[in-house]
Amino acid sequence: MNKSNNISLLSGFNAMFRRDCLHCIKNPSQLLNPLIFFVMITAAFPFAVDSSKSQLTQIGPGIIWIMAILSYLLTLQHLYLDDADDGCLDYIILSPQPLPLLVLAKICAHWISSGLPLIIVSPIIGIIYQMQVDTILVMIATLFFGTFALSLIGSIGASLTISINNSNILVSLLVLPIMIPILIFGARTIGLYQAGTTTISGLYFMSAYCMFALSFSPFASAAALKIGSE
Amino acid sequence: MSSPRYFYSIATSLIPWFLVSGLILMVAGLINGLFYAPPDYQQGDAFRIIYVHVPSAYISMMAYSLMAFAAFVALIWRIKIAHAVIVGAAPLGAWFTFLALLTGSIWGRPMWGTWWEWGDPRLTSELLMLFLYLGYMALRASLPNLAQADKLSAILILIGAINIPIIHFSVEWWTSLHQGPTLLKAGGPAIDSLMLYPLLAMIIGTTLYFGSLLLVRTKAEVLNREKNSRWAKKMLLGDQL
Amino acid sequence: MMEFFAMDYAFYVYSSLLAFLSVIIICTKDAFCHLSKTLGHIKNTIHQMESDNET
């Protein structure tokens with residue numbers, strides 16, 4: 001068989017991943033706006049509450065995690081809707097490559113464009129909230145697993161609402177209850193570390209949840225995309 | 001059961017039986033629970049809220065499990081009735097979840113001294129359950145195409161269902177850090193039979209009642225979906241032809 | 001048997017009972033209204049189609 005007709009799974013994944021990453025680099029506002037939103041709102045919180053050091057260290061992990069989820073929800077509309085609007089999505093669905101794999105590539109690219117920048121700026125927020133360096137490291141670890149799980153769960157919500165106009169709030173309604181475990185474990189693990197108790201079980205849970213979401217999210221998203229674009 | 005026409009006739013004959021037996025059991029359970037059961041040695045008469053709280057919490061869980069089962073059946077075997085069952089069960093489940101939250105909070109007031117206690121994992125996960133119901137109904141309401149709405153919302157139900165144990169576990173882990181009051185652990189194995197039987201009657205009665213309303217709603221939904229079929233027209237106009 | 005209002009926490013017990021009964025009534029009414037509305041609606045559309053066919 002001709003080699004060009006027989007593209008391997010990995011190269012299909014790579015092509016999709018590269019394309020989405022490039023798309024994101026060419027539209028930096030898509031990447032930057034949620035990030036600026038995240039930084040600005042987290043920085044605005046101390047104005048609204050008592051900004052003493054003890055208070056900030058107490059509420060910091062929760063605020064950072066809530067804001068991470070909120071700014072994440074803002075990015076979800078670009079995950080599939082842009083492709084659906086310009087018709088690329090139909091070609092992606094029709095392609096001979098397995099759709100869950102391509103969806104996974106899109107999810108990974110989404111994590112690179114939304115999760116990774118969040119992790120990169122999070123130390124600044126940690127400093128604003130009076131965190132110690134080791135606490136910041138724990139926060140980065142929770143954000144690492146947590147944002148990937150958010151990408152996976154968010155992909156389901158975005159794919160379910162692909163045929164709906166103005167679905168931004170709806171997506172949040174759908175995925176927020178499912179994201180609650182990530183919020184609980186993400187924020188609590190940092191809080192527990194600050195209180196000096198064990199944290200490793202929280203990180204174990206988050207990585208396990210990540211793997212679990214990885215096992216069903218690409219398939220559910222692929223099925224929803226197929227149904228939604230009929 | 002999978003033929004809509006057959007389902008319709010079965011449902012029509014079952015509804016009054018379910019409704020009447022459910023209501024009788026509920027009335028009997030309530031009267032016995034409120035007036036004949038002895039007061040709890042710790043909570044006094046406040047424990048009597050159990051007779052409305054536990055059945056509603058049970059129905060809210062059962063309705064979601066039923067919806068998840070129906071979603072599974074609908075997606076795997078493409079049985080159309082199952083979609084109608086999900087549509088019928090969702091508002092009922094949401095109402096009973098709301099009721100479980102409301103009565104739980106009313107119970108919490110005399111027992112914990114507060115209307116809402118984040119330390120109780122059951123109340124908190126029940127709140128998240130309500131969000132799942134609302135999310136399902138919001139998705140359903142914003143999809144105009146019936147076939148699409150059916151399949152997409154079934155996927156959402158299944159995703160919610162596999163996440164419910166995780167949500168419950170994480171909420172429990174989170175509340176174990178608070179050490180909140182756990183007075184709601186009423187009963188246990190040594191519950192008085194005078195307390196237990198009304199509770200069982202309430203649970204079974206509410207389930208039967210839920211079943212009858214589910215059949216009514218599913219019947220309406222099936223009819224709406226089959227309005228262009230011959231049997232539906234024949235049956236609807238039968239009394240006028 | 002107990003007196004109706006003699007139990008302690010009567011307010012809480014009866015307000016939760018009231019909530020339960022109102023939800024039961026709302027659900028019942030809602031379900032049956034929904035069914036009869038659907039029936040009426042479909043009958044109407046069938047009649048409409050028949051009268052359209054005649055003309």
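These numbers were taken from a predicted model, which means no experiment stands behind them. (Residues numbered from 1 in each chain as written. Chains lettered and ligands numbered in written order. Predicted model: local features only at pLDDT ≥ 70, side-chain atom pairs only at ≥ 80, totals over all residues. Heavy atoms only, no water.)

## Section: the overall build of chain A
Logical step 1: Broken down by element type, chain A carries nine helices and zero strands.
Logical step 2: For chain A, the sequential pattern of α-helices and β-strands runs α-α-α-α-α-α-α-α-α.
Logical step 3: Taking 17 Å as the expected radius of gyration for a compact globule of 230 residues, we find that chain A reaches 19 Å, a close match to that expectation.
Logical step 4: Going through the 230 residues of chain A one by one, you find that 53% of them count as buried.
Logical step 5: Taking the intrachain contacts of chain A between residues at least 6 apart in sequence as the baseline, contacts between residues at least 24 apart amount to 82%.
Logical step 6: Summed over all atoms, the accessible surface of chain A reaches about 10,500 Å², with 68% contributed by carbon and sulfur.
Logical step 7: Separation of charge centres in chain A, based on 8 positive and 9 negative side chains, amounts to 10 Å. (Helix = DSSP H or I, 4+ residues; strand = E, 2+ residues; numbered from the N terminus. Rg over C-alpha atoms; globule rule 2.2 N^0.38 Å. Buried < 20%, exposed > 50% of the residue type's maximum accessible area, 1.4 Å probe, protein only. Contact = heavy atoms within 4.5 Å. Areas by Shrake-Rupley, 256 points an atom, 1.4 Å probe, with all protein chains shown as cover. Lys, Arg positive; Asp, Glu negative; His and termini not counted. Charge placed at Lys NZ, Arg CZ, Asp CG, Glu CD.)

## Considering the overall build of chain C
Logical step 1: Scanning chain C from N- to C-terminus turns up one helix and zero strands.
Logical step 2: Scored against the burial criterion, the 55 residues of chain C give a buried share of 33%.
Logical step 3: Put simply, chain C shows about 3,600 Å² of open surface, and 63% of that area lies on carbon and sulfur atoms.

## Points about helix H2 (residues 28-48) of chain A
Residues and elements named next belong to chain A.
Logical step 1: Taking 1.5 Å of rise per residue, 21 residues should cover 30 Å, and H2 covers 31 Å from first to last C-alpha, within 8% of that figure.
Logical step 2: Burial in H2 covers these residues: Pro-34, Leu-35, Phe-38, Thr-42 and Pro-46. For H2, the angular spread of the buried residues around the axis is 120°, confining them to a single face. Opposite the buried face of H2, at more than 90 degrees from it, the exposed residues are Met-40, Phe-47 and Ala-48.
Logical step 3: Packing partners of the buried residues in H2 comprise helix H3 (53-75) and helix H6 (99-128). (Expected span 1.5 Å × (residues − 1). Arc of directions from axis to C-beta.)

## Digging into the arrangement of the chains
Logical step 1: In this assembly, two pairs of chains are in contact, and the pair contributing the most contacts is chains B and C.
Logical step 2: You won't find any contact between chain A and chain C; their C-alpha atoms come no closer than 24 Å.

## As for the nonpolar core
Nonpolar side chains in soluble globular proteins generally cluster together in the buried interior.
Logical step 1: Ranked by internal contacts, the top residues of the largest apolar core, which has 168 residues, are Trp65(A), Ile153(A), Leu160(A) and Tyr51(B).
Logical step 2: Here Leu160(A) is in contact with Leu174(A), Ala224(A), Leu139(B), Leu152(B), Ile155(B) and Leu156(B), once residues within four sequence places are set aside. (Core = buried A, V, L, I, M, F, W, Y, C linked by side-chain atoms within 4.5 Å.)

## Describing the interface of chain A and chain B
Logical step 1: With 27 residues of chain A in contact, the opposing surface of chain B contributes 26 residues.
Logical step 2: Buried surface at the junction of chain A and chain B, summed over both partners, amounts to about 2,400 Å²; 82% is from carbon and sulfur atoms.
Logical step 3: The largest share of the area that chain A buries against chain B comes from Leu160(A), Arg188(A) and Ile227(A), three residues that together contribute 23% of it.
Logical step 4: Viewed at the interface, chain B and chain A are joined by zero salt bridges.
Logical step 5: Put simply, chain A and chain B have four residue pairs in polar contact (both at pLDDT 80 or more) between them.
Logical step 6: Within the residue set of the side of chain A that touches chain B, elements represented by two or more residues are helix H7 (133-160), helix H8 (168-195) and helix H9 (200-228) of chain A.
Logical step 7: A total of 11 residues in the side of chain A that touches chain B trace back to one element, the largest contributor, which is H8(A).
Logical step 8: When its residues are assigned to classes, the side of chain A that touches chain B shows 21 nonpolar, four polar and two charged. (Buried area = accessible area lost by both parts, 1.4 Å probe. Salt bridge = Lys/Arg side-chain N within 4 Å of Asp/Glu carboxyl O. Polar contact = N/O pair within 3.5 Å; in protein donor to acceptor, adjacent residues only side chain to side chain. Nonpolar A, V, L, I, M, F, W, Y, C, P; charged D, E, K, R; others polar.)

## Thoughts on H6(A)
In an α-helix, one turn spans 3.6 residues; hence positions three or four apart end up facing the same way.
Residues and elements named next belong to chain A.
Logical step 1: Here H6 is 30 residues long and its end C-alpha atoms lie 42 Å apart, about the 44 Å a rise of 1.5 Å per residue gives.
Logical step 2: At Val-121, H6 shows its maximal bend, which comes to roughly 35°, and the proline Pro-123 appears one to four places after that position.
Logical step 3: Along H6, 22 of the 30 residues are buried, which leaves the element largely enclosed by surrounding structure.
Logical step 4: Of the residues flanking the end of H6, it is Gln-130, one or two places downstream, whose phi is positive at about 60°. (Bend = angle between axes of the 7 residues up to and from the residue.)

## A word on the packing of aromatic side chains
Logical step 1: Under the counting rule described, the total for this entry stands at 16 aromatic pairs over all chains.
Logical step 2: Both rings, one in Trp111(A) and one in Phe144(A), keep their centres 5.6 Å apart while their planes meet at 85°; by these two values the pair is edge-to-face. With a gap of 33 residues between them, Trp111(A) in helix H6 and Phe144(A) in helix H7 connect regions that are remote in the sequence.
Logical step 3: Residue classification places Trp111(A) among the buried positions, given a relative accessible area of 12%.
Logical step 4: Considering the side-chain rings of Phe205(A) and Phe169(B), the 5.7 Å spacing of their centres and the 35° angle between planes classify their relative orientation as tilted. Of this pair, Phe205(A) sits in helix H9 while Phe169(B) sits in helix H5 (residues 146-176), on two different chains.
Logical step 5: Exposure remark for Phe205(A): the relative accessible area of 15% places this residue in the buried category.
Logical step 6: Note on Phe169(B): relative accessible area 43%, which makes it partly exposed.
Logical step 7: Site record: aromatic cluster; members linked through ring pairs are Phe185(A), Phe205(A), Tyr209(A), Phe169(B) and Trp173(B). (Phe/Tyr/Trp six-rings, centres within 6.5 Å; stacked < 30°, edge-to-face > 60°.)

## Brief notes about the pattern of salt bridges
Logical step 1: This model, assessed by the stated rule, comprises eight salt bridges over all chains.
Logical step 2: Salt bridges sharing common partners tie together Arg19(A), Asp20(A), Asp83(A) and Lys106(A).

## Points about the packing of helix H4 (residues 121-142) of chain B against H5(B)
When two helices pack together, their arrangement is given by the angle between the helix axes and by the axis-to-axis distance.
All names here are of chain B.
Logical step 1: Running from N to C, H4 and H5 cross one another at 165°; their axes reach a closest spacing of 9 Å. As summarised for this structure, H4 and H5 are arranged roughly antiparallel, according to the angle between their axes. Along this stretch, H4 crosses H5, giving a crossing that reads as right-handed.
Logical step 2: In terms of residue class, the contact of H4 with H5 is built from 15 nonpolar, seven polar and three charged. (Axes fitted to C-alpha atoms, helices over the stretch in contact; angles between N-to-C directions. Parallel < 35°, antiparallel > 145°, perpendicular 65-115°, else oblique. Left-handed = near helix turned anticlockwise from the far one by under 90°.)

## Details of the interface of chain C and chain B
Logical step 1: Each partner contributes to the interface: chain C provides 33 residues, whereas chain B provides 42 residues.
Logical step 2: Between chain C and chain B, roughly 3,600 Å² of surface is buried when both sides are summed, and carbon and sulfur atoms account for 80% of that area.
Logical step 3: Broken down residue by residue, the surface that chain C buries against chain B is led by Tyr12(C), Phe20(C) and Ile42(C), which jointly contribute 17%.
Logical step 4: With a shortest N-O distance of 3.3 Å, Asp30(C) and Arg217(B) are connected by a salt bridge.
Logical step 5: At the junction of chain C with chain B, the criterion picks out three residue pairs in polar contact (both at pLDDT 80 or more).

## Describing the environment of Met49(C)
Logical step 1: Mapping Met49(C) onto the fold places it in helix H1 (residues 10-54).
Logical step 2: Since its relative accessible area comes to 41%, Met49(C) is described here as partly exposed.

## What about a nonpolar patch on the surface?
Logical step 1: A cluster of nonpolar side chains, Leu32(A), Ile36(A) and Met40(A), forms an exposed patch at the surface whose accessible area comes to about 290 Å².
Logical step 2: Its place among the elements puts Met40(A) in helix H2. (Patch = residues over 30% accessible without salt bridge, like charges linked within 9 Å, V, L, I, M, F, W, Y side chains within 5 Å.)

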